[in-house]
Amino acid sequence: MLKPHFRVNPAGHLVCGGVDAVELCEEFGTPLYVMDEERIRDNYRRFLKAFSRRRVRLCYALKANSNSAVVKVLAEEGAGADVSSENELRIALRAGIEGEKMVFNGNLKTEAELKLALRHGVAINIDNFQELEVVGRLAERMRTEARVSFRINPDLRAPTHPYIATGLRESKFGFEVGSGEALEAYRRARGMKNVKIVGIHAHIGSQILDPSPFVEEAEKVMGVVAELHEMGIELEFVDLGGGVGIPYRPEEREVRLEELAERVISAVEEVEEEKGMGKHLLVFEPGRYLVGDAGILLARVEYTKERRGLPRWISLDAGMNALIRPALYGAYHHIELANKMNLKNDTLTNVAGPLCESGDFLGKERLLPKAERGDLAVIFDVGAYGLAMSSQHTAKPRPAMVMVRRGRAALIRKRETFRDLVRLDLLPPWLR
Ligand SMILES: Cc1ncc(COP(=O)(O)O)c(C=O)c1O
């Protein structure tokens with residue numbers, strides 16, 4: 001079942017953003033990432049609407065897809081930004097997002113990165129005591145005030161892949177709650193001259209489809225907010241991070257966003273009302289939810305191979321170099337043939353990439369129409385953590401990316417060339 005922003009034209013071709021996928025490949029080549037602008041806007045508005053009875057800010061997590069055009073679309077919608085590096089911060093600024101609408105995350109922010117954040121008034125979600133000291137010192141030296149928030153570790157198991165579950169005690173992130181570490185961080189910050197406490201932050205993981213872990217997270221975070229209130233520390237915002245998932249498999253259902261919003265808001269308001277606190281600004285950092293299903297990857301079937309008694313192999317011109325999620329997490333991405341959408345999916349097929357390792361596949365044992373050399377495969381739901389995590393393995397240039405909107409297409413990232421690949425290589429003097 002195709003998601004509602006796609007359709008199939010009478011020729012049996014996939015249509016995305018009003019543009020025929022086959023024509024896109026003729027014009028821009030393969031492998032090709034395609035981002036659907038309207039879908040990004042719809043996703044943003046749907047998320048915002050679910051929380052509309054509260055003051056809420058969506059800080060788009062640039063790590064999902066930091067392409068300038070994608071960020072610009074979300075900036076136009078009014079999004080803030082969750083940045084995790086100096087360059088993400090720069091991209092967000094260039095897209096027109098003000099520093100005050102950003103949060104800076106991560107367990108390792110360099111001094112150079114922190115300075116840029118301080119210069120632009122970005123709220124820094126502090127991860128450890130040493131970072132707090134560094135931020136305090138830099139702010140003093142820069143004669144400015146650091147807006148800080150603390151990432152707490154809620155010690156909460158999220159139902160997702162272990163690599164993207166981040167809220168467990170044994171994970172590298174944040175201040176422990178149980179041991180009193182989190183409160184100690186606030187206590188120390190309160191005594192610092194150039195530091196202003198503005199919030200609290202947690203992020204339990206990514207690709208979570210069930211509302212319950214978010215409710216548990218909100219309860220844990222609000223427990224700390226209540227204790228801070230007792231200590232006389234009031235916060236501007238409560239930042240519950242990102243992590244809302246999307247259905248990747250045809251049988252998976254969408255997150256019940258209204259239910260999630262209602263339950264999270266109730267958990268937050270229960271504590272606010274009980275303690276007689278003002279209402280906090282609620283912050284979320286969605287990445288995948290906003291851009292994941294807005295992106296497809298189009299790749300050419302270059303060769304096919306029969307193996308008696310086994311699924312047929314097809315080799316695409318895109319593999320783990322272009323999209324690493326299947327190889328890295330065993331992630332499922334739905335695959336179809338973009339030029340044969342009206343044919344029966346009747347052939348058991350393994351979908352390989354071009355690289356020299358057996359882990360280089362995009363899907364195993366998939367039912368597809370019988371693919372021939374020259375057909376076009378479409379890999380769905382790659383708008384998040386697709387191009388952003390791609391590599392130049394085997395000196396393959398990274399794919400191009402286009403944006404589609406109401407029947408128009410425009411290149412938003414050029415395909416890499418041989419020059420791009422070798423541009424930064426140098427020879428030592430003795431080899432010249
Ligand atoms: C701190 C933080 N916020 C937000 C996100 C975005 O997560 P998602 O794309 O699942 O919404 C991540 C992802 O790793 C993260 O680490």
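Please read all numbers here as calculations on a predicted model, not as lab measurements.

### A word on helix H5 (residues 111-119)
Consideration 1: Among the residues making up H5, those that are buried are Glu113, Leu114, Leu116, Ala117 and Leu118.
Consideration 2: Taken together, the buried residues of H5 touch helix H4 (86-94), strand E7 (102-104), strand E8 (123-126), helix H6 (129-141) and strand E9 (146-153).
Consideration 3: Note on H5: the residue one or two positions beyond its end, glycine 121, has a positive phi of about 70 degrees.

### Concerning unusual backbone geometry
Consideration 1: Each neighbour pair has its own omega, and for threonine 30 with proline 31 the value is -10 degrees, a cis peptide bond.
Consideration 2: Mapped onto the elements of the fold, proline 31 is located in the loop between helix H1 (21-28) and strand E4 (32-36).
Consideration 3: We note that arginine 143 has phi near 50 degrees; this positive angle belongs to a residue other than glycine.
Consideration 4: Relative to the helices and strands, arginine 143 is located in the loop between H6 and E9.

### A short note on the environment of isoleucine 152
Consideration 1: Locating isoleucine 152 in the fold gives a position in strand E9.
Consideration 2: Residue classification places isoleucine 152 among the buried positions, given that 28 C-beta atoms sit within 10 Å.
Consideration 3: Separated by 150 residues in the primary sequence, isoleucine 152 and leucine 2 place their C-alpha atoms 39 Å from one another.
Consideration 4: What isoleucine 152 contacts, discounting residues up to four positions off in sequence, is Gly174, Phe175, Val177, Ala182, Ile200, Ala202, Val221 and Val224.

### Overview of the pairing of strand E20 (residues 400-405)
Two faces, one strand: in a regular strand the side chains alternate between the faces of the sheet.
Consideration 1: Sheet analysis places E4 next to E20, joined by 5 bridges and oriented parallel. If you follow valine 34 over to E20, its bridge partner there is valine 402.
Consideration 2: Here 5 bridges tie E20 to strand E21 (residues 408-413), and the two strands are oriented antiparallel to one another. Among the inter-strand pairings, methionine 401 is bridged to a residue of E21, identified as arginine 413.

### Section: the domain arrangement of the protein
Consideration 1: Each assigned domain of the protein is listed here: domain 1 (6-36 + 292-422) and domain 2 (105-286).
Consideration 2: Domain 1 and domain 2 are separated by 36 Å when their C-alpha centres are compared.
Consideration 3: Counting from both sides, the interface comprises 8 residues of domain 1 and, opposite them, 6 residues of domain 2.
Consideration 4: By residue class, the composition of the side of domain 1 that touches domain 2 is 3 nonpolar, 3 polar and 2 charged.

### Brief notes about the environment of glutamate 251
Consideration 1: Secondary-structure assignment places glutamate 251 in the loop between strand E12 (237-239) and helix H9 (257-275).
Consideration 2: Using a count of 6 C-beta atoms within 10 Å as the deciding quantity, one classes glutamate 251 as exposed.

### Describing the nonpolar core
Consideration 1: With 131 residues, the main nonpolar core has Leu298, Ala377, Val378 and Ile379 as its most contacted residues.
Consideration 2: With 7 residues, helix H8 (residues 212-230) is the single largest residue contributor to this core.
Consideration 3: Mapping this core onto the domain boundaries places at least three of its residues in each of domain 1 (6-36 + 292-422) and domain 2 (105-286).
Consideration 4: Not counting residues within four places of it along the chain, the set of residues in contact with isoleucine 379 comprises Ile296, Leu297, Ala299, Leu323, His333, Ile335 and Leu362.

### Here's the deal with the sheet that holds strand E2 (residues 14-16)
Consideration 1: As summarised here, the arrangement of the 3 strands in space is E1-E2-E3, forming an open sheet in which the pairing is antiparallel. In this open sheet, the two edge strands, each paired with only one partner strand, are strand E1 (6-8) and strand E3 (19-20).
Consideration 2: Pairing between E1 and E2: 3 bridges, direction antiparallel. In the strand pairing of E2, phenylalanine 6 is matched with cysteine 16.

The rules behind the values
- Residues numbered from 1 in each chain as written.
- Predicted model: local features only at pLDDT ≥ 70, side-chain atom pairs only at ≥ 80, totals over all residues.
- Buried ≥ 20, exposed ≤ 12 C-beta atoms within 10 Å, placed from the backbone.
- Helix = DSSP H or I, 4+ residues; strand = E, 2+ residues; numbered from the N terminus.
- Contact = placed C-beta atoms within 7 Å.
- Pairing = 2+ DSSP bridges.
- Domains from an automatic or database assignment.
- Nonpolar A, V, L, I, M, F, W, Y, C, P; charged D, E, K, R; others polar.
- Core = buried A, V, L, I, M, F, W, Y, C linked by C-beta atoms within 7 Å.

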